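Structural overview for review
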Amino acid sequence: MSETAASPTRCALIVGATSGIARAVAQRLAERGWSLVLAGRDAEALEREAADLRVRHGVGVQTRRFDALDLDSHAGLIDGLDLAAAVLCHGIMLSNDAAVADIHEHRRMIDVNYTSYASVLEVLAACFAERGDGVIAAISSVAGDRGRPSNYCYGATKAAVSAYLSGLRGRLRPKGVAVLTIKPGPTDTPMTHGLTAKGPTATPQTVAKQIVRDIERRRSVCYTPRKWWPIMTIIRAIPEWLFKRTSL
Amino acid sequence: MTRPADPPRADRQRLAGWGLQPRVDCDVYRPGSADELAALLRDAHGRHTLISRGLGRSYGDPATNADRAVVLHTGMDRFLAFDDAIGVVTAEAGVSFADLIDALLPRGWFPAVTPGTKFVTLGGAVAADVHGKNHHRDGSFNTCLIAFDLMTPTGDTLTCSREENADVFWATLGGMGLTGFILTVTLKMLRVTSSRIDVSSTRVGSLDAMLEHFAATDEDHRYSVAWIDCLARGAKLGRGVVMQGAHAEGNGTTDLRPDKRRAKSVPIHFPGCALNPLTVKAFNTAYYAKHGSGRHTEGFDPYFYPLDAVHHWNRVYGKRGFVQYQPVFPEQDGAAGVRAVINKLVDARRSSFLAVLKRMGGQAVGPLGFPMAGLTLAVDMPRGAGLEPFLHELDAVVLDHGGRVYLAKDAAMSAETFRAMYPRLDAFRAVQRRLDPDGVMSSTQARRLGIVGDA
């Protein structure tokens, strides 16, 4: 709470603000006194989220339109904003079969999950580097750590995001800008509802709490829930000749 | 950022009510907006029947739909507007009493009517027209309800209030979700200056003494409820502790902060034998001995929501589950009805360690409304061999005394009993069928009670 008291007007941009994890991150940030700018495609849905955050937490919330696929619009996304952090949360997950069956749908997923990230990350990088401060966070996935037969199309888009963020982090470090790669395990959100194989899923609230903590502490990588760090460390160490024989 | 055009996806889950049984397989949808709900309604049409579910606190089977579909409203839980000058809040139906209190108590507003757990959604509160410890004075949840928006089974959205679509308004209050999907709820909160409750406890030695105490003092207290020792009989039958309360006067700022306390949880299902006549008797005797008469001040949580302090408290009954049985008796026959039920419980050695008695203030308006001016009793019973026939015997006793059983707790009533207890069923059905000509709405309970279908 000391951070809240110290800087009561920190403002964060949340892109893809109606997604399951984004909603929980917004709640957590607002609870901790951040003011928010919510960006997304559905203006009505954004306004509902904004109203909810204002009533629950009494913080300032603005909304603005964002279309991941309209690359030309991205340059203006943060015009006039004074941001201490930005979190990219938008994304889609096609089933692997659907992606393999239709390259146009597959490409749409690549563009939403990766191309638009590359575009928006550079807009944010330029602005934050000039100011010499701030945190850029983006949601990748544990699915990007290793390609699995059941989900490699989605995983590949997230692997690209992880690699991009890793390079960007090194580039922006001397400028005083932190870059956080967020790698959630299976989380109970509308994106995964009815899709993920039976197994334990984390709640968006648990995931959001850890994400916000790592944003505020300017960390580099956030595996969430935390158990995914040791699990993925082991899985990443498995040699390919053995990995191809497993059914992880 | 899933596209609105994405087909709604269901997740196959095994669901039960808070009583843990019966557990049934349901296709669970979790829409995030009214548009998504409308899409799944179109998709389900003719294939599936549907029922809404909030936080699953109804005890029996009203929020399950065996081998059919359930719409979880927990993804539609946004506050939409709040007017701090008059305490009027509009929120999506998935917002819970816990959310209301977290957001609005620090600003000096408390739910004007609250059930005995704060983990109930506003949609559930409308569907069961829940009541609380102030029913004798203030009535059920509908008395603080201004309006709600209902998506009907045909996909239209109706704003319902006492003035607008009044017949739908009253059919939905207590209608157990069968008139459609409650989207948003507008209600008026109660102004308070402290988060604490002034409580006065009075130990009374018999049912007659308790009723006298209610009659003499209830009107002076906003809240009034009694714990009773369900094992005492004869002259001591109905002995217990009356707990009456009022919101404490505070400074309207720091006094509004809730007491911090960490909820505990029951991590596993207790073995079935943990609650037996001996442990129940020990609990009741100790509770009666411990609680004397007196006055104290406590936080709103222990006063209104004592069991919420223990997450999954239902697991103390083990996997076999339990039922909560809650009848209401009309004033003139109330004492006799309560006596008859307690005697049967003691005879059958099914006495409960949680038994609650309170006076209700007035007759329900809605055709499936539960309350009547009189006495309501709530007792927990573990499930086990012979419980259902026993519940049917209790139903007969309740019916004999002109009473009825609360649908939010009912888990075993027969269709015949239900029709006898709720004589305005036909009025409900007329509204329900007009709203749902194709029979989209259904629940495990609605089929058992013959509310929907060809019964």
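These figures come from a predicted structure and were not determined experimentally. (Residues numbered from 1 in each chain as written. Chains lettered and ligands numbered in written order. Predicted model: local features only at pLDDT ≥ 70, side-chain atom pairs only at ≥ 80, totals over all residues. Heavy atoms only, no water.)

1. Notes on the overall build of chain B
The helix and strand tally for chain B stands at 13 helices and 22 strands. The C-alpha atoms of chain B give 21 Å as radius of gyration, which agrees with the globular expectation for 455 residues (23 Å, within 12%). Principal-axis analysis of the C-alpha atoms places the extent of chain B at approximately 65 × 55 × 45 Å. The buried share of chain B, reckoned over its 455 residues, is 61%. Taking as baseline every contact in chain B between residues at least 6 positions apart, the subset at least 24 positions apart corresponds to 73%. If you average the places of the 52 positive and of the 49 negative side-chain charges in chain B, the two averages end up 7 Å apart. (Helix = DSSP H or I, 4+ residues; strand = E, 2+ residues; numbered from the N terminus. Rg over C-alpha atoms; globule rule 2.2 N^0.38 Å. Buried < 20%, exposed > 50% of the residue type's maximum accessible area, 1.4 Å probe, protein only. Contact = heavy atoms within 4.5 Å. Lys, Arg positive; Asp, Glu negative; His and termini not counted. Charge placed at Lys NZ, Arg CZ, Asp CG, Glu CD.)

2. Observations concerning the overall build of chain A
Within chain A, the secondary structure is distributed over 9 helices and 7 strands. Against the compact-globule benchmark of 18 Å for 248 residues, chain A has a radius of gyration of 18 Å, which places it among compact chains. The principal-axis extent of the C-alpha atoms belonging to chain A is close to 50 × 35 × 35 Å. In chain A, which comprises 248 residues, the share counted as buried stands at 53%.

3. Observations regarding the nonpolar core
By size, the foremost hydrophobic cluster in this structure holds 130 residues, and its most contacted members are Leu100(B), Leu104(B), Phe141(B) and Met381(B). Contacts of Phe141(B), omitting those with residues within four sequence positions, involve Phe97(B), Val113(B), Leu122(B), Ala125(B), Val126(B), Asp129(B), Val130(B) and Leu187(B). (Core = buried A, V, L, I, M, F, W, Y, C linked by side-chain atoms within 4.5 Å.)

4. Concerning helix H7 (residues 277-290) of chain B
Residues and elements named next belong to chain B. Between its terminal C-alpha atoms H7 stretches 20 Å, which fits the 20 Å expected from 14 residues at 1.5 Å a residue. For H7, the complete set of buried residues consists of Val280, Asn284 and Tyr288. The buried residues of H7 occupy one face: seen down the axis, they fall within an arc of 60°. Of the exposed residues in H7, those oriented more than 90 degrees away from the buried face are Leu278, Ala289 and Lys290. Buried residues belonging to H7 abut strand S12 (196-204), strand S13 (223-228) and strand S14 (240-247). (Expected span 1.5 Å × (residues − 1). Arc of directions from axis to C-beta.)

5. Observations regarding the pairing of strand S4 (residues 85-88) of chain A
Residues and elements named next belong to chain A. Neither face of S4 is exposed, since Ala85 and Val87 on one face and Ala86 and Leu88 on the opposite face are all buried. Bridge count between S4 and strand S5 (residues 135-139): 4 bridges; the pairing is parallel. In the sheet register, Leu88 faces S5, and the bridge partner there is Ala138. (Pairing = 2+ DSSP bridges.)

6. Focus: the domain arrangement of chain B
All names here are of chain B. Its domain assignment divides chain B into domain 1 (79-192) and domain 2 (196-412). For domain 1 versus domain 2, the distance between C-alpha centres works out to 24 Å. Across the contact, 32 residues belong to domain 1 and 31 residues belong to domain 2. Buried area between domain 1 and domain 2, summed over both chains or domains, comes out near 2800 Å², and the portion from carbon and sulfur atoms is 64%. Ranking the residues of domain 1 by area buried against domain 2 places His131, Lys133 and His136 at the top, with a combined share of 27%. Taken together, domain 1 and domain 2 are joined by 2 salt bridges. In this structure, Lys118 engages Asp301 in a salt bridge whose closest nitrogen and oxygen atoms are separated by 3.0 Å. Where domain 1 touches domain 2, the interface holds 12 residue pairs in polar contact (both at pLDDT 80 or more). (Domains from an automatic or database assignment. Buried area = accessible area lost by both parts, 1.4 Å probe. Salt bridge = Lys/Arg side-chain N within 4 Å of Asp/Glu carboxyl O. Polar contact = N/O pair within 3.5 Å; in protein donor to acceptor, adjacent residues only side chain to side chain.)

7. Considerations on the pairing of strand S6 (residues 178-184) of chain A
Residues and elements named next belong to chain A. Where burial is concerned, most of S6 is hidden: 7 out of the 7 residues are buried. Both faces of S6 are covered, namely the face carrying Ala178, Leu180, Ile182 and Pro184 and the face carrying Val179, Thr181 and Lys183. Where S5 meets S6, 5 bridges bridge the pair, whose relative direction is parallel. The residue bridging Ile139 from the neighbouring strand is Ile182, located in S6.

8. Some remarks on the pattern of salt bridges
Residues and elements named next belong to chain A. Applying the stated criterion across every chain yields a total of 40 salt bridges over all chains. Notably, a salt bridge pairs Glu216 with Arg32, separated by 2.9 Å at the nearest N-O pair. Of this pair, Glu216 sits in helix H7 (residues 204-216) while Arg32 sits in the loop between helix H2 (20-31) and strand S2 (35-40); the two residues are 184 residues apart in sequence, bridging distant segments of the chain. Here the two residues Glu216 and Arg32 agree in accessibility, since each one is buried.

9. Observations concerning the confidence of the model for chain A
Interpretation of this model should avoid reading the predicted coordinates in detail wherever pLDDT is low. Looking at chain A as a whole, the pLDDT averages 93, with 95% of positions reaching at least 70. Here residues 1-7 of chain A is a poorly scored stretch, pLDDT under 50, and it has 7 contacts once near neighbours within four places are set aside; other chains count. (pLDDT = per-residue confidence, 0-100.)

10. Comments concerning the side chain of Lys183(A)
Residues and elements named next belong to chain A. Mapped onto the secondary structure, Lys183 falls in strand S6. For Lys183, a relative accessible area of 10% gives the class buried. A polar contact of 2.7 Å, which involves the side chain of Lys183, links it to the side chain of Asp145. Setting aside chain neighbours within four positions, we find Lys183 in contact with Ser140, Ser141, Val142, Asp145, Ser162, Val221, Cys222, Tyr223 and Thr224.

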